[in-house]
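# An overview of the molecular structure
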Amino acid sequence: MIKLERNFTPEFFTREDLDSLTNQFKKEGTTVWHHHEVKSACLKLSDGKCAFCEVKLEEASTYNEVEHFKDKKTFPDDVIQWENLLPSCRHCNGSKQRHNVVLEPIINPCNDLPSEHLYMRGYRIKGKTTLGEMTVNVLNFNHKDHKFIPRCKAGDVIERSIDNAIEKLEWFMDRQDVRRKNIFLNYVEALLGECQKDSPFSAVSATTLHNSDDYKLLKGVMEVQGIWTDYMQTLHDDSLGLILAEVR
Ligand SMILES: [Zn+2]
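Quick summary incoming for the structure in this document. (Residues numbered from 1 in each chain as written. Predicted model: local features only at pLDDT ≥ 70, side-chain atom pairs only at ≥ 80, totals over all residues. Heavy atoms only, no water.)

## Some details on the overall build of the protein
When helices and strands are counted, the protein shows 11 helices and four strands. Seen through its principal axes, the protein has C-alpha atoms that stretch 75 × 35 × 30 Å. By residue count, 49% of the 248 residues in the protein fall in the buried class. Nonlocal contacts in the protein, meaning residues at least 24 apart in sequence, comprise 69% of its contacts between residues at least 6 apart. (Helix = DSSP H or I, 4+ residues; strand = E, 2+ residues; numbered from the N terminus. Buried < 20%, exposed > 50% of the residue type's maximum accessible area, 1.4 Å probe, protein only. Contact = heavy atoms within 4.5 Å.)

Right, dumping it as structure tokens:
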């Protein structure tokens, strides 16, 4: 989970008569939020990922749902309030169900900084705080098939990319020509690119990257060789902001 910036209001929410839609929901139970503009605004908010587990949405197995952070049965007045809507995968949405976030708060990725409340150890996400622990429990955040295994796969992609980059570094050091240098630099940029906020499971990828001794070695050698670029440093710093680090 990463921090999301709700820094825009979709036109739908300024154009439509929200009071009348809310009343329609209260009277008839109409799914007033089922509108393509609402769905696409939610996807824009999270770069097309579940706001909680960061799985890519719109794939058959994950299925995009519009999640009511304050559940619509208990808080019908918030049923079509932009601030109450988040994009969610079926598993997160189904796990949370009608959990009352006012009585027992969980992390709202638009309002809270997830890294202050969660950490990752061995691809399991744990709570650093009461808010973090409640979030892990309510979202069933270590479910084997839906959460833990996809996280392991995402971390494995990064570990393999680091291994490949190290191999390419040795290959480049062996004969330092422009062609080898450019191929190697592209590898490193691609690795860092996989750990940015618009990538699936970015918190997992970034945490895996920054926990890796091989990555630290790679970066160190590149700095000594004068081939660590400002662009790479920016990507490095941006991904560092996403990590779910343990308190040491
Ligand atoms: Zn999810």
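## Points about the packing of helix H7 (residues 144–174) against helix H8 (residues 178–193)
At a minimum axis separation of 9 Å, H7 and H8 run at an interaxial angle of 165°. Accordingly, the angle class assigned to the pair H7 and H8 is roughly antiparallel. Classified by chirality, the crossing of H8 by H7 is left-handed. From H7, Ile-158, Ser-161, Ile-162, Asn-164, Ala-165, Lys-168, Leu-169, Trp-171, Phe-172 and Asp-174 reach across to H8, where they touch Arg-179, Arg-180, Lys-181, Ile-183, Phe-184, Tyr-187 and Leu-191. Tallied by class, the residues present in the contact of H7 with H8 amount to 10 nonpolar, two polar and five charged. (Axes fitted to C-alpha atoms, helices over the stretch in contact; angles between N-to-C directions. Parallel < 35°, antiparallel > 145°, perpendicular 65-115°, else oblique. Left-handed = near helix turned anticlockwise from the far one by under 90°. Nonpolar A, V, L, I, M, F, W, Y, C, P; charged D, E, K, R; others polar.)

## Observations concerning the pairing of strand E3 (residues 118–121)
The sheet contact formed by E3 and strand E4 (residues 124–127) spans four bridges and is antiparallel. Paired with Tyr-119 across the two strands is Lys-126, which belongs to E4. Linkage of E3 to E4, two consecutive antiparallel strands, is achieved through a turn of two residues, within which Gly-122 is found at a positive phi near 55°. (Pairing = 2+ DSSP bridges.)

## Remarks on the coordination of the zinc ion
Protein-derived coordination of the zinc ion comes from Cys-50 (SG), Cys-53 (SG), Cys-89 (SG) and Cys-92 (SG), at a distance range of 2.3 to 2.4 Å. One way to put it: the four donor atoms around the zinc ion meet at angles of 104 to 116°, and that makes the site tetrahedral. Each donor residue of the zinc ion lies on the same chain, and together they follow the pattern C-x2-C-x35-C-x2-C. With a gap of 42 residues between them, Cys-50 in the loop between helix H3 (36–45) and strand E1 (64–68) and Cys-92 in helix H4 (residues 90–96) connect regions that are remote in the sequence. The same class applies to Cys-50 and to Cys-92, which are both buried. (Donors = N, O, S within 2.8 Å, 3.2 Å for Na, K, Ca; no water. Tetrahedral: all angles 85-135°; square planar, octahedral: opposite > 155°, others 65-115°.)

## So, the pattern of salt bridges
Throughout the structure, instances matching the rule amount to 16 salt bridges. Taking the shortest distance from any N to any O, the salt bridge between Asp-213 and Lys-216 comes out at 3.7 Å. Taken together, the residues Asp-213 and Lys-216, both in helix H10 (residues 213–225) and three residues apart, mark about one turn of the helix. A relative accessible area of 59% places Asp-213 in the exposed class. Of the charged contacts in the structure, one is a salt bridge between Lys-219 and Glu-223, with a shortest N-O distance of 2.7 Å. Taken together, the residues span about one helical turn, with Lys-219 and Glu-223 both in helix H10 at a distance of four residues. The network of salt bridges with shared partners includes Glu-11, Arg-15, Glu-16 and Glu-37. (Salt bridge = Lys/Arg side-chain N within 4 Å of Asp/Glu carboxyl O.)

## Digging into the pairing of strand E2 (residues 85–89)
The buried count for E2 comes to five of five residues, which makes it a mostly enclosed element. With burial as the criterion, each face of E2 is covered, one bearing Leu-85, Pro-87 and Cys-89 and the other bearing Leu-86 and Ser-88. As judged from the five bridges shared by E1 and E2, these two strands associate in the antiparallel manner. Residue pairing across strands places Val-66 opposite Pro-87, the latter belonging to E2.

## Observations concerning H8
The first and last C-alpha atoms of H8 sit 22 Å apart over 16 residues, in line with the 22 Å expected at 1.5 Å per residue. Looking at the buried positions of H8, the neighbouring elements they touch are H7, helix H9 (202–211), H10 and helix H11 (230–240). (Expected span 1.5 Å × (residues − 1).)

## Description of the environment of Val-136
For Val-136, the position within the fold is in helix H6 (residues 130–138). For Val-136, a relative accessible area of 11% puts it in the buried group. C-alpha of Val-136 to C-alpha of Ser-46: the two residues are 90 residues apart in sequence and 19 Å apart in space. Ignoring sequence-local partners within four residues, the contact set of Val-136 consists of Leu-118, Ile-125, Lys-126, Gly-127, Phe-141 and Asn-142.

## Looking at the side chain of Asn-142
Locating Asn-142 in the fold gives a position in the loop between H6 and H7. With a relative accessible area of 16%, Asn-142 lands in the buried category. At 2.8 Å, the side chain of Asn-142 and the backbone oxygen of Ile-125 are in polar contact. Side-chain polar atoms of Asn-142 contact the side chain of Arg-151, separated by 2.9 Å. (Polar contact = N/O pair within 3.5 Å; in protein donor to acceptor, adjacent residues only side chain to side chain.)

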